[in-house]
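These are the residues of each chain, in order.
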Amino acid sequence: MIVCVAVVGHQNNPLYLQSFTEADDALKLHHIVHCSLDVIDERVNNPKKTGPTLNETFLGLLYPTENYKVYGYLTNTKVKFILVTTDLDVRDADVRNFFRRFHLAYVDAVSNPFHVPGKKITSRTFADRVSDIVRTFGLGTAV
């Protein structure tokens, strides 16, 4: 189950963060997202280590915690997408499909002429699309 998705700008400023849990753990999820930024920067700035190449946008599993697994995705414009899930047996194909669909929704949201680049994403349409993508996560659906 996905508990949180986040979009972080190229200057590590939060653009969008949505929690999908009933519990009041927003601060904990903010901390997890913030910690994942260090892992993303380490992977991007040290490409010699094993892992995805620089032209690979899917960063894979960033780090596991006791209760969560954190996955990352880096766009060509250095915008970071972060996925926090409680599932311990998530398939890479499902996560890649999620990020591909999430990226398409993000592109549509920032292509809106009324969106100011670098500012938080407040579009209700984007939030609804993200909720739909999260709801269908792991069901093998395509775009």
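Residues numbered from 1 in each chain as written. Predicted model: local features only at pLDDT ≥ 70, side-chain atom pairs only at ≥ 80, totals over all residues. Heavy atoms only, no water.

Note the following rule: UniProt positions are given in the numbering used here, feature names are shortened, and annotations may be inferred rather than shown by experiment.
As recorded in an unreviewed UniProt entry, the chain goes by Trafficking protein particle complex subunit 2-like protein and comes from Protea cynaroides. Database annotation for the chain, UniProt heading Sequence similarities (unreviewed entry): "Belongs to the TRAPP small subunits family. Sedlin subfamily."

**Structural notes on the environment of His-30**
This is how the line gets drawn: Starting at the N terminus, helices and strands are each numbered in turn, a helix being any DSSP run of H or I of at least four residues and a strand any DSSP run of E of at least two.
Counting through the fold element by element, His-30 comes out in helix 1 (residues 26–45). Separated by 12 residues in the primary sequence, His-30 and Gln-18 have C-alpha atoms spaced 9.8 Å apart.

**Let's talk about helix 3 (residues 124–135)**
For an α-helix, the turn length of 3.6 residues means that residues three or four places apart are oriented alike. For clarity, the cut-off: Helices are assigned an expected span. That span is 1.5 Å times one less than the residue count. Only heavy atoms matter for contacts: two residues are in contact if any of them lie within 4.5 Å across the pair. As used in this structure description, the phrase polar contact means that two N or O atoms lie within 3.5 Å; if the pair is within protein, one of them must be able to donate a hydrogen and the other to accept it, and residues adjacent in sequence are counted only when both atoms belong to side chains.
In this model helix 3 runs 16 Å from its N-terminal to its C-terminal C-alpha over 12 residues, within 8% of the 16 Å that 1.5 Å per residue would give. Contacts made by the buried residues of helix 3 are with strand 1 (2–8), strand 2 (14–19) and helix 2 (92–110). The N-cap of helix 3, judged by a side-chain oxygen 3.3 Å from the amide nitrogen of Thr-125 a few residues on, is Ser-123.

**Let's talk about the side chain of Lys-69**
Threshold: Think of it in three bands: with a 1.4 Å probe and only protein chains considered, a residue is buried below 20% of the maximum accessible area for its type, exposed above 50%, and partly exposed in between. For this count, His and the chain ends are skipped, Lys and Arg are scored as positive, and Asp and Glu as negative. The rule for a salt bridge is simple: a side-chain nitrogen of Lys or Arg has to be within 4 Å of a carboxyl oxygen of Asp or Glu.
Position of Lys-69 among the secondary structure elements: in strand 4 (residues 69–74). The charged side chain of Lys-69 is buried without a salt bridge, its nearest counter-charge being Asp-89 at 7.4 Å. Once you skip the residues sitting within four places of it in the chain, Lys-69 turns out to touch Leu-61, Tyr-63, Pro-64, Leu-83, Val-84, Thr-85, Asp-87 and Leu-88.

**Examining the pattern of salt bridges**
In total, this model carries 4 salt bridges according to the counting rule given. The salt bridge involving Asp-108 is made with Arg-129; its shortest N-O contact spans 2.4 Å. With Asp-108 in helix 2 and Arg-129 in helix 3, this pair connects stretches of sequence that are 21 residues apart. Note on Asp-108: relative accessible area 46%, which makes it partly exposed. Among the residues examined, Arg-129 registers a relative accessible area of 30% and is labelled partly exposed. Between Asp-132 and Arg-135 there is a salt bridge, with its nearest N and O atoms 2.1 Å apart. Of this pair, Asp-132 and Arg-135 both sit in helix 3, 3 residues apart, which is roughly one turn of that helix.

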